[in-house]
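Listed below, chain by chain, are the residues.
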Amino acid sequence: MMAGATFEQVRGIALGLPGAEEVSTWGTETVFQVGGKMFAVAAPDEPHATVKSTPDEQASLVARDPDTYAVAPTTGRFGWVRVELARVDPAALRALLVAAWRAAAPRRLTTGYDTEPT
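Every chain's residues receive numbers from 1 upward, in the order its sequence appears when written. Totals for whole chains, interfaces and linings use all residues, but because this is a predicted model, local features are given only for residues with pLDDT of at least 70 and pairs of side-chain atoms are given and counted only at 80 or more. Think of the side-chain values as coming from all heavy atoms in the structure, minus any hydrogens and water.

1. Let's talk about the overall build of the protein chain
Phase 1 of the analysis: Only DSSP runs of H or I with at least four residues qualify as helices, and only runs of E with at least two residues qualify as strands; both kinds are numbered from the N terminus onward. Tallying secondary structure elements over the protein chain gives 4 helices and 6 strands in all.
Phase 2 of the analysis: For 118 residues, the compact-globule formula gives about 13 Å, and the C-alpha radius of gyration of the protein chain, at 13 Å, lands near that figure.
Phase 3 of the analysis: Each of the three principal axes of the protein chain carries a C-alpha extent, and together these read 35 × 30 × 30 Å.
Phase 4 of the analysis: Surface accessibility in these figures is a Shrake-Rupley result with a 1.4 Å probe; residues are shielded only by whichever protein chains are displayed. Of the accessible surface of the protein chain, which amounts to about 6500 Å², a share of 54% is contributed by carbon and sulfur atoms.
Phase 5 of the analysis: The positive charge centre, built from 11 side chains, and the negative charge centre, built from 14, are 7 Å apart in the protein chain. The quantity called the radius of gyration is restricted to C-alpha atoms. Its globule counterpart is 2.2 Å times the number of residues to the power 0.38. His is not counted here, nor are the chain ends, while Lys and Arg score as positive and Asp and Glu score as negative. Where a charge sits is defined by one atom per residue type, namely NZ (Lys), CZ (Arg), CG (Asp) or CD (Glu).

This is the structure:
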């Protein structure tokens, strides 16, 4: 059985990160940002999310599992990854979202997050 994740899981993970906020934009999409910088985009009625990544991580994910990960349209040239929610393991989704948040967040937030007990 495929694990899979949902938009609500994306929202819950993203908004659970320090300083993260949700902004509605482009009509139907929800942007998750920290310090005014986007780190993920999703929509309740879409089967995927788009997550900030590095070009190297993007290439690794797509090579490892091209049915789950793809180069994101428009932002893919910057390393963003399209994640098929029905196929992604929730733990892998969480790791991707935390890494994306870390890349966008101010150091004061990531330093505090790194020292919190898990």
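Structure's up, so let's keep going.
2. With respect to the layout of surface pockets
Phase 1 of the analysis: A cavity here means a set of 1 Å grid points, computed over protein atoms only, where a 1.4 Å probe fits but cannot escape. A pocket is an open set with protein on both sides within 12 Å along at least 5 of 7 lines, and lining residues have an atom within 4 Å of a point. Grid points are joined across faces, edges and corners, and a volume is the space filled by probe spheres set on the points. Volume-wise, the largest pocket comes out at about 210 Å³.
Phase 2 of the analysis: Lining the largest pocket are 16 residues, with Glu29, Val41, Thr50, Pro73 and Thr75 positioned closest to its centre.
Phase 3 of the analysis: Contributing elements (two or more residues each) for the lining of the largest pocket: β3 (37-42) and β4 (48-51).
Phase 4 of the analysis: Gly is put with the polar residues, along with every residue not named as nonpolar or charged; the nonpolar set is Ala, Val, Leu, Ile, Met, Phe, Trp, Tyr, Cys and Pro, and the charged set is Asp, Glu, Lys and Arg. Its residues assigned to classes, the lining of the largest pocket comprises 9 nonpolar, 4 polar and 3 charged.

3. Some details on the packing of helix α1 (residues 7-15) against helix α3 (residues 90-104)
Phase 1 of the analysis: For the pair α1 and α3, the least separation of the axes is 10 Å and the interaxial angle reads 40°. Classified by the angle between their axes, α1 and α3 sit oblique to one another. Of the two possible hands of crossing, α1 and α3 adopt the one that is right-handed. Between α1 and α3, the residues in contact are Gln9, Val10 and Ile13 and Pro90, Leu93, Arg94 and Leu97, respectively. Every axis corresponds to a line fitted to the C-alpha atoms, with the helix fit spanning only the stretch in contact, and the corresponding angles, defined between N-to-C directions, vary from 0 to 180 degrees. Note on angle classes: values under 35 degrees are labelled roughly parallel, values over 145 roughly antiparallel, values of 65 to 115 roughly perpendicular, and the remainder oblique. What makes a crossing left-handed is the near helix being turned counterclockwise from the far one by less than a right angle; a clockwise turn instead makes it right-handed. It only takes one pair of heavy atoms within 4.5 Å for two residues to be counted as in contact.

4. With respect to the pairing of strand β2 (residues 29-34)
Phase 1 of the analysis: Accessibility here uses a 1.4 Å probe with only protein chains present; expressed as a share of the type maximum, an area under 20% marks a residue as buried, one over 50% as exposed, and anything in between as partly exposed. Among the 6 residues in β2, 5 count as buried, and that is most of the element.
Phase 2 of the analysis: Pairing between two strands requires that DSSP report at least two bridges joining them. Relative to β2, strand β1 (residues 20-25) is paired through 6 bridges, and the arrangement is antiparallel. Looking across to β2, one finds that Thr25 is bridged to Glu29.
Phase 3 of the analysis: Relative to β3, β2 runs antiparallel, the two being bridged by 5 bridges. Following the sheet pairing, Thr30 is matched in β3 by Ala42.

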